[in-house]
Amino acid sequence: MISFLFVLFGTALYIPTIFLGLLSDDFFLRGHLEIDKITTFNVLNAINSAFSFITEANRLEGMRVGILPWWSDPQVTVNIYRPLAALTQFLDYQLWPSNFLYMHIHSLVWYSILLVAILSLYRKFFSNTKHFYLLAALLFIFDKTHLSSISWLANRNDLLSSLFLTATLLCYIQYFKLKNKIIFALAQTFILAGLLSSEGIVAVIPIVFFYSCVYLKNSIKTSIKVVIPSLVIFFSFRLITAFFGYKVAHTGFFMDPTQNLVGYIQAFIIRYPILLAQSFTAIDFHYFDFSPLGNNYIWIGSLFLSLFFIILFYRVNSKNRLGKFLLLASMVSAVPFVSSFDLSPRNLMIPSIFTAALISTTFSSLWLKSKRSFIESGLLITIGLAILVRLLISPVDLISEGKKVQIPTWFTYSQKLYQLKNKVPVIVTTPFGYVFDSEFIATNKSKNTYRILSSSLFDIELTVTGLQTIELSSEQGFFNLPQDVHKQNGLSNLFYSTAAFNIGSSDFPINFKNGQTVANDDFKVVVKEVNSAQVPTILQFTFTKALSDNKYSWLTYNWNTQTFDQVILPEINQSILIMGVLK
């Protein structure tokens, strides 16, 4: 009965999200999965390619029509294989193609199933201190970092991978107890299902290893032996999908260690402390990896906060096998998500499974001590108050924030640009290399996609040089690298690289050349001048129609309001200054 009430209450907290409709990548998936004529080939192709955002087949076309910026790396690839997650969304568009409320309810059903599995897992963890599994469950339910995973339909893959990870771990726990081969085979099946949903499931392999050698105190050899089948499944999956062209390469959006090991290590140094600190605190730092200012203060704070919690949890649980296991599980479960440039908490559902249990077992370790030192008493009170505040505030936050779009700010631009209807938005400059205008890309309701002319953090001078020609110039150059940002701010550049705080130099050619020309359907761009670092400083754009043509709507990014504003172009041979964020 208590479990039923927990699941019911936990699900009810997210009911406001069912009214959100489609967001960003949802439009892309809709374009792939809303099939009029159902055939076996169509269905399989749609499901297999649902998360094939940029491939060899559509890359050049995307650059031609403006979906990808003109400076995109000619080999950029974002082709991810998630057929099981795609299948659940394919069913949405077959059963209720225009009823997005039902689609969100579908996601809530998966979340409810996940809660049932989580409660079962926590009962296993807290078999000796039964009442504290309820505290762990409450902490998990009241973790508002789950909000975007549940409210964003395209992120349903996180719910599925979290569910299959939990199911895998439950099977392994039973296998260690019963040594039943059927249960062991079922665990491998859940791992495969998780891989077909999302990449985060890979964390379960080291988690099972630590459960065996830390919690059960099995030998390292035995612990390695038990995860070998799972490793074989994982590496076989990666090899097969890579053979069929599924990979992420030449982009900073996702950092695949098999494609760019050095970049991944650099990204790990920056991203991991931020992810871990958010996971431990269940607080959204509102920080993103390509933040133009590269806020190293957040990184330093996250590093110290992570180290503080690691030391705290370890010291309190030094004689508690469950606590030590949960600490290691919390740490390794965040590692797969280092690959993503997006450091928002939407990637932290899997780590939160273990951090909620870790906080609960840490509190129970202090609570059940017959004699506590003064420091331990202080820690007990502090952790207890922190838990109380979280339990009191989170439900209110979840209900209120669940009514809003809980996705990165730049994803909302597509909805604003779509309001222009029959015009082509020409974005003079944007802090981001891509605007993610998925509504244009996927639905084909409008032939007019946006055009991005440049990306810069500094002031840009726009000069109209003819009826169809403009020139953009910037002394500091376009496509500014993070090093430029840190030098301008007098900040240390020790840990920062092109992989760290923006989309990355891998998303555009590293070396531009004078006279380099690129054309798409609306304009031809010529690189008129590059600096000593081969970064463009003057760009010339010649449009196929007059600049004053009603077809175009001229926009530029406003750093103060973080929105796109209309721009009134000057007369021929006149200039205007477009302000950047750095001087």
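### Thoughts on the overall build of the protein
Reasoning step 1: Check the secondary structure of the protein and you find 20 helices and 13 strands.
Reasoning step 2: Per-residue burial for the protein yields a buried fraction of 58% across its 583 residues.
Reasoning step 3: For the protein, restricting intrachain contacts to residue pairs at least 6 apart in sequence, the fraction spanning at least 24 positions comes to 73%.
Reasoning step 4: Looking at the protein as shown, the accessible area adds up to about 25,200 Å², and 63% of this sits on carbon and sulfur atoms.

### Points about the sheet that holds strand β2 (residues 77–79)
Reasoning step 1: Judged by pairing direction, the sheet is antiparallel, and its 3 strands sit side by side in the order β1-β2-β3 without closing on themselves. Among the strands making up the open sheet, the edge pair consists of β1 (52–54) and β3 (247–249). Adjacent strand axes in the sheet meet at a mean angle of 15 degrees, parallel and antiparallel pairs treated alike.
Reasoning step 2: The pairing of β2 with β3 spans 3 bridges and is classified as antiparallel. For V78, the partnering residue across the bridge sits in β3 and is V248.

### Considerations on helix α16 (residues 349–367)
Three- or four-residue spacings in an α-helix give side chains the same orientation, since the helix completes a turn every 3.6 residues.
Reasoning step 1: Spanning 19 residues, α16 covers 27 Å between terminal C-alpha atoms, matching the ideal 27 Å at 1.5 Å per step.
Reasoning step 2: Extensive coverage of α16 is indicated by the burial of 18 of its 19 residues.

### Digging into the pattern of salt bridges
Reasoning step 1: Throughout the structure, instances matching the rule amount to 4 salt bridges.
Reasoning step 2: With a shortest N-O distance of 2.8 Å, D92 and R156 are connected by a salt bridge. Placement of D92 in helix α5 (residues 83–95) and of R156 in helix α9 (residues 156–178) is noted, with a sequence separation of 64 residues between them.
Reasoning step 3: Note on D92: relative accessible area 2%, which makes it buried.
Reasoning step 4: With a closest N to O distance of 2.6 Å, D522 and R451 form a salt bridge.

### Digging into the packing of aromatic side chains
Reasoning step 1: Tallying each qualifying case throughout the model produces 33 aromatic pairs.
Reasoning step 2: Seen in terms of ring centroids, Y81 and Y246 are 4.6 Å apart; in terms of plane orientation they differ by 50 degrees. Their pairing is tilted. On the criterion of sequence distance, the pair formed by Y81 in the loop between β2 and α5 and Y246 in the loop between α12 (220–243) and β3 is long-range, its members being 165 residues apart.
Reasoning step 3: Taking the relative accessible area as the measure of exposure, Y81 reaches 21% and is therefore partly exposed.

### Considering the nonpolar core
Reasoning step 1: Ranked by internal contacts, the top residues of the largest apolar core, which has 125 residues, are Y111, Y122, F125, F126, F140, F325 and F354.
Reasoning step 2: It is α9 that provides the largest number of residues to this core, a total of 12 residues.
Reasoning step 3: Those residues in contact with F354 that sit more than four places away from it in its chain are F125, L165, L169, I207, L326, A329, S330 and S333.
Reasoning step 4: F458, F523, V527 and I578 belong to the second-largest nonpolar core, a separate cluster that totals 35 residues.

### Some details on the packing of helix α1 (residues 2–12) against helix α6 (residues 100–125)
Reasoning step 1: Orientation of α1 relative to α6, taken along the N-to-C sense of each, is 140 degrees, at an axis distance of 9 Å. Looking at the two axes, α1 sits oblique to α6. Of the two elements, α1 crosses α6, and the hand of that crossing is right-handed. Counting all contacts with α1, which are made through S3, F6, V7, G10 and T11, the residues of α6 involved are L108, Y111, S112, L115, V116, L119 and R123.
Reasoning step 2: Tallied by class, the residues present in the contact of α1 with α6 amount to 7 nonpolar, 4 polar and 1 charged.

### A word on unusual backbone geometry
Reasoning step 1: With phi around 55 degrees, K179 is a residue other than glycine that occupies positive phi space.
Reasoning step 2: Counting through the fold element by element, K179 comes out in the loop between α9 and α10 (181–195).
Reasoning step 3: In this model, N573 sits at a positive phi of 70 degrees, which is unusual for a non-glycine residue.
Reasoning step 4: With respect to the element layout, N573 can be found in the loop between β12 (563–566) and β13 (575–578).
Reasoning step 5: The class for N573 is exposed, based on a relative accessible area of 59%.

### Quick word on the sheet that holds strand β11 (residues 552–558)
Reasoning step 1: Taking strand neighbours across the sheet as the criterion, the 4 strands line up as β5-β4-β11-β12 in an open arrangement whose pairing is mixed. On the outer flanks of this sheet lie β5 (451–452) and β12, each paired with one strand and no other.
Reasoning step 2: By the bridge criterion, 2 bridges tie strand β4 (residues 424–427) to β5 in an arrangement that is parallel. Residue pairing for β5: I427 is matched across the bridge by I452.

### Considering a nonpolar patch on the surface
Reasoning step 1: Where nonpolar side chains cluster on the molecular surface, the patch consists of I220, I224, I228, L231, V232 and F235 and spans about 530 Å² of accessible area.
Reasoning step 2: With respect to the element layout, V232 can be found in helix α12.

### Things to note about α6
Reasoning step 1: An ideal rise of 1.5 Å per residue puts 38 Å on 26 residues; α6 measures up with 37 Å between its terminal C-alpha atoms.
Reasoning step 2: N-capping of α6 is provided by N99, with a side-chain oxygen placed 3.3 Å from the backbone N of L101.

About the cut-offs
- Residues numbered from 1 in each chain as written.
- Predicted model: local features only at pLDDT ≥ 70, side-chain atom pairs only at ≥ 80, totals over all residues.
- Heavy atoms only, no water.
- Helix = DSSP H or I, 4+ residues; strand = E, 2+ residues; numbered from the N terminus.
- Buried < 20%, exposed > 50% of the residue type's maximum accessible area, 1.4 Å probe, protein only.
- Contact = heavy atoms within 4.5 Å.
- Areas by Shrake-Rupley, 256 points an atom, 1.4 Å probe, with all protein chains shown as cover.
- Pairing = 2+ DSSP bridges.
- Axes fitted to C-alpha atoms, helices over the stretch in contact; angles between N-to-C directions.
- Expected span 1.5 Å × (residues − 1).
- Salt bridge = Lys/Arg side-chain N within 4 Å of Asp/Glu carboxyl O.
- Phe/Tyr/Trp six-rings, centres within 6.5 Å; stacked < 30°, edge-to-face > 60°.
- Core = buried A, V, L, I, M, F, W, Y, C linked by side-chain atoms within 4.5 Å.
- Parallel < 35°, antiparallel > 145°, perpendicular 65-115°, else oblique.
- Left-handed = near helix turned anticlockwise from the far one by under 90°.
- Nonpolar A, V, L, I, M, F, W, Y, C, P; charged D, E, K, R; others polar.
- Patch = residues over 30% accessible without salt bridge, like charges linked within 9 Å, V, L, I, M, F, W, Y side chains within 5 Å.
- Polar contact = N/O pair within 3.5 Å; in protein donor to acceptor, adjacent residues only side chain to side chain.

Geometric values such as these leave the question of function open.
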